[in-house]
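Report on the structure
Residue-level listing of the chains:
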Amino acid sequence: MTSAHHTAVAVFLLFVAVTIIITFWASRRTLTAEGFYAADRNVSALQNGIATAGDYLSAASFLGTIAVFFSFGTDGLLYALGAAAGWPLLTCLLSEKLRALGRYSFSDVLCHRLTERPIRIMTGVATLCICGTYLIAQMVAAGTLVQVLFGLQYSHAVLIVGALMTSYVLFGGMVATTWIQIIKATMLLAGAALMTALLLHRFHWDVIELFAQAHQAIGHTLTERLLPDSFSAVCLAFAFCFGPAGMPHILMRSFTVRSGADARLSLVYATALIALFQLLVIVLGHGALALLKTSHGTPIVGGANMAAVHLGEVLGGSLLFSIIASVTFATILAVVSGLTLTAATAVAHDLIRGTLRPGALSETTEVQISKASSIVIGFAAIGLGMLFQHQNIGFLATLPLVIAASANFPVLILALYWKPLTTTAALAGGWIGLISSVVFVIGSPKVWVGTFGHAHAFFPYEYPTVITMGAALLTAVAISSLQNSHRQPPTIY
Amino acid sequence: MRSRFFAWTIPASITVLTVAFFARLTAHRAQEAWQPGLTDPTVLGMLLIAIVPAGAFLYHWVATRDASASDDEKP
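The present account deals with the structure reproduced in this document.

Conventions we followed
- Residues numbered from 1 in each chain as written.
- Chains lettered and ligands numbered in written order.
- Predicted model: local features only at pLDDT ≥ 70, side-chain atom pairs only at ≥ 80, totals over all residues.
- Heavy atoms only, no water.
- Helix = DSSP H or I, 4+ residues; strand = E, 2+ residues; numbered from the N terminus.
- Rg over C-alpha atoms; globule rule 2.2 N^0.38 Å.
- Buried < 20%, exposed > 50% of the residue type's maximum accessible area, 1.4 Å probe, protein only.
- Contact = heavy atoms within 4.5 Å.
- Areas by Shrake-Rupley, 256 points an atom, 1.4 Å probe, with all protein chains shown as cover.
- Lys, Arg positive; Asp, Glu negative; His and termini not counted.
- Charge placed at Lys NZ, Arg CZ, Asp CG, Glu CD.
- Buried area = accessible area lost by both parts, 1.4 Å probe.
- Salt bridge = Lys/Arg side-chain N within 4 Å of Asp/Glu carboxyl O.
- Nonpolar A, V, L, I, M, F, W, Y, C, P; charged D, E, K, R; others polar.
- Patch = residues over 30% accessible without salt bridge, like charges linked within 9 Å, V, L, I, M, F, W, Y side chains within 5 Å.
- 1 Å grid on protein atoms, 1.4 Å probe; cavity = no way out; pocket = protein on both sides within 12 Å on 5 of 7 lines; lining within 4 Å.
- Points joined across faces, edges and corners; volume = space filled by probe spheres on them.
- Expected span 1.5 Å × (residues − 1).
- Bend = angle between axes of the 7 residues up to and from the residue.
- Core = buried A, V, L, I, M, F, W, Y, C linked by side-chain atoms within 4.5 Å.
- Phe/Tyr/Trp six-rings, centres within 6.5 Å; stacked < 30°, edge-to-face > 60°.
- Lys NZ or Arg CZ within 6 Å of the ring centre and 35° of its normal.
- Axes fitted to C-alpha atoms, helices over the stretch in contact; angles between N-to-C directions.
- Left-handed = near helix turned anticlockwise from the far one by under 90°.

With respect to the overall build of chain A
When helices and strands are counted, chain A shows 19 helices and 0 strands. For 493 residues, the compact-globule estimate of 2.2 N^0.38 gives 23 Å, and the C-alpha radius of gyration of chain A, at 22 Å, lies within 12% of that figure. The proportion of buried residues among the 493 residues of chain A is 60%. Residue pairs at least 24 apart in sequence account for 84% of intrachain contacts in chain A once pairs closer than 6 positions are excluded. Accessible surface, chain A: about 17,300 Å² in total, of which carbon and sulfur atoms supply 67%. Of the charged side chains in chain A, 22 are positive and 17 negative; the average position of the first set lies 10 Å away from that of the second.

What about the interface of chain B and chain A?
Each partner contributes residues to the interface: chain B has 36 residues there, and chain A has 50 residues. When chain B packs against chain A, the two sides together hide about 3,700 Å² of surface, and 77% of this comes from carbon and sulfur. On inspection of chain B and its partner chain A, the count reaches 0 salt bridges. Elements with a contribution of two residues or more to the side of chain B that touches chain A: helix H1 (2–27) and helix H2 (41–73) of chain B. Residue composition of the side of chain B that touches chain A, grouped by class: 24 nonpolar, 9 polar and 3 charged.

Here's the deal with a nonpolar patch on the surface
Judged by side-chain polarity, A:Ile435, A:Val439 and A:Phe458 come together as a nonpolar surface patch covering roughly 270 Å² of accessible area. Judged by relative accessible area, which is 37%, A:Val439 ranks as partly exposed.

What to know about the environment of A:Val301
All names here are of chain A. Examined against the element boundaries, Val-301 turns out to sit in the loop between helix H13 (260–292) and helix H14 (307–355). On the basis of relative accessibility, which here comes to 60%, the residue Val-301 falls in the exposed class. Linking Val-301 and Gln-213, residues 88 residues apart in sequence, is a C-alpha distance of 22 Å.

Observations concerning the layout of surface pockets
Counted as a void, the second largest pocket has a volume near 380 Å³. Every residue lining the second largest pocket is counted, 19 residues in all, and those nearest its centre are A:Glu96, A:Lys97, B:Ser3, B:Arg4 and B:Tyr59. At the level of elements, helix H6 (87–101) of chain A together with H1 and H2 of chain B are the ones that each hand at least two residues to the lining of the second largest pocket. Per-element tally for the lining of the second largest pocket: the top contributor is H6(A), with 7 residues. Its residues assigned to classes, the lining of the second largest pocket comprises 10 nonpolar, 4 polar and 5 charged.

Points about the side chain of A:Thr465
With respect to the element layout, A:Thr465 can be found in helix H19 (residues 465–486). Beyond its immediate chain neighbours, meaning those up to four positions away, A:Thr465 contacts A:Cys235, A:Phe238, A:Ala239, A:Val402, A:Ala405, A:Ser406 and A:Gly470.

Quick notes on H6(A)
All names here are of chain A. Between its first and last C-alpha atoms H6 spans 20 Å; for 15 residues at 1.5 Å apiece the expected length is 21 Å, and the two agree. Leu-94 marks the point of greatest bend in H6, at about 55°. Burial analysis of H6 places 11 of its 15 residues in the buried class, which makes it a mostly covered element. If you check which residues of H6 are buried, you get Trp-87, Pro-88, Leu-89, Leu-90, Thr-91, Cys-92, Leu-93, Leu-94, Ser-95, Leu-98 and Arg-99.

A look at the environment of A:Cys92
Take A:Cys92: it is sitting in helix H6. Under the relative-accessibility criterion, A:Cys92 is labelled buried at 4%. Separated by 175 residues in sequence, A:Cys92 and A:Leu267 have C-alpha atoms that sit 9.1 Å apart. Apart from the residues lying within four places of it in its own chain, the contact partners of A:Cys92 are B:Ala7, B:Ile10, B:Pro11 and B:Tyr59.

What to know about the nonpolar core
One finds A:Phe62, A:Leu94, A:Leu412 and B:Phe22 to be the most contacted residues of the largest nonpolar core, which totals 175 residues. It is H14(A) that provides the largest number of residues to this core, a total of 22 residues. In contact with A:Leu94, not counting residues within four places along its chain, are A:Leu89, A:Ala245, A:Leu251, A:Leu412, A:Ile413 and A:Leu416.

Some details on the packing of aromatic side chains
Aromatic rings considered in pairs are described by the distance between their centres and by the relative angle of their planes. Residue and element names in this part refer to chain A. Under the defined criterion, the tally for this structure stands at 14 aromatic pairs over all chains. Aromatic pair Phe-62 and Phe-277: ring centres 6.0 Å apart, planes at 45°, arrangement tilted. Taken together, the positions of Phe-62 in helix H4 (residues 59–72) and Phe-277 in helix H13 put the pair 215 residues apart, joining distant regions of the chain. Phe-277 matches Phe-62 in its accessibility class, with the two residues each being buried. Here the basic side chain of Lys-97 rests over the ring of Tyr-417, its NZ or CZ set 5.1 Å away from the ring centre.

What about the pattern of salt bridges?
Pairing is possible between side chains that carry opposite charge, provided their charged atoms lie close to one another. Residue and element names in this part refer to chain A. Throughout the structure, instances matching the rule amount to 7 salt bridges over all chains. With a shortest N-O distance of 2.9 Å, Glu-96 and Arg-264 are connected by a salt bridge. Here Arg-264 lies in helix H13 and Glu-96 lies in helix H6, a separation of 168 residues in the sequence. Put simply, Asp-350 and Arg-120 hold a salt bridge, and the shortest N to O gap is 2.9 Å.

With respect to the packing of helix H5 (residues 76–85) of chain A against helix H11 (residues 230–242) of chain A
Residues and elements named next belong to chain A. One can describe the packing of H5 onto H11 by two numbers: an axis separation of 7 Å at closest approach and a directional angle of 35°. Crossing angle aside, the handedness with which H5 passes H11 is right-handed. For the pair H5 and H11, the contacting residues are Leu-78, Tyr-79, Gly-82, Ala-83 and Ala-85 in the first and Leu-236, Phe-240 and Cys-241 in the second. A per-class count over the contact of H5 with H11 returns 7 nonpolar, 1 polar and no charged.

Things to note about empty space enclosed by the protein
Residue and element names in this part refer to chain A. Considering all chains together, one arrives at 3 cavities of 30 Å³ or more under this definition. What the largest cavity holds in volume is close to 70 Å³. Forming the boundary of the largest cavity are Tyr-104, Ser-105, Phe-106, Thr-127, Pro-248, Met-252, Thr-342, Thr-345, Ala-346 and Asp-350. Among the elements that make up the lining of the largest cavity, the one with the highest residue count is H14 (4 residues). Among the residues forming the lining of the largest cavity, the class breakdown is 5 nonpolar, 4 polar and 1 charged.

See the structure below:
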């Protein structure tokens, strides 16, 4: 290992030490269900806002968006704008109602007016699909990154991430997860702000000069496009705009604050932090183009995904390289712990509670099942991370947003704002959205041809969100309307 | 209640602008030469990102005022 690797490992170990202390402190507050799942509903709006931003800003937001700028030029704007675009919908339409009607998972909100058992099973399966694909993507990303960042083996990285995320959730529950997200979001924002300041300083604080040089590099080297057609672009926009409103680990954060007004305010904070971060990423993406892209298009070590880290090295030497490397790894660790908690909640609170008769499961037993589930999920994530080591993670990273927008969002928005919705309609819409989104993403050219090596894709576009979300909404509305039209009108006389 | 109006119009406006931006940027490659101005995709994208938290804050402000007004009306 080089001295840069040693510094990176030291900074990362410091982060791990702090998070383990937090987990130990939080372990005394996770004995009850409310403490384990919702941090006793005692998180302030600002704390929850930072933690929510931390939950959403994964390594893909940082490394991935800068990599898209580096590879496809201004197409990186799609990822930067998309990451911020879905948050007003959550803030304005969902935050207060979620806090008022939900307890530990968003399925509680649906169960207020729909039949509990089948709804919990459907949302539990959707949550596991979303968290599972997101977890695999993060584990594969962690393993791949660590080879370049720390000089460790892939399998070691996956084991370290799996063991730490399970410990955080098992002992610290939502309290530890929230504080880990707060620390990580602060580190990520501070790291991006420092890099941006150094970058602008290099260009004498002249943003126009930076953009001009970046565009010059685009003109020299870029020939490919991120998306092949406008329909795929619209589908990706739909995934970004409606996906966050169906992401279970984001929705779960609304239950940790004291009131509906706090839930709304926390999402205003989260939106502001995410938008600020994306603005910094746009500047850094142009910096990567201007400083790393040569006229010959020489590939950089570790590929385009490492552009952000190499930019850190160009701007601040091996010290900044080490800091950015460790912040990136800490980012992955924090995101996977949030996902593990959400998946454990889905198993215990939705799937197991959903299949048992009402009242058969005490809250203490449910928390114990959740904790046991987090261990199983940890082992499964390690195994899947090893299994998918050589797979294309591009589709795994976008699949959660597509599934969330197609399966969870239509059912949730209709349940909250459309009175005629029936249980059968919600189930049909949710299952159709879930199954069609998974099938069409697998059948897309990127996966069916790019990953599985078939000659032709059976779904012609990169993303299916417009079709799958539309199908879920239309099915739910059509079945509700049919069922309501067959009902007998109330007898007046 | 003004907040109910803003609760739908703010996310709807941002969604429409985002979808239009995605479709437009994918259909037409950005100019190679950097031209500062509102028509440049980078400037437009950054402006749209800046609008997003402004919209969320506007809704929060209106909803807070609505809530305090309805509290005042209570006997």
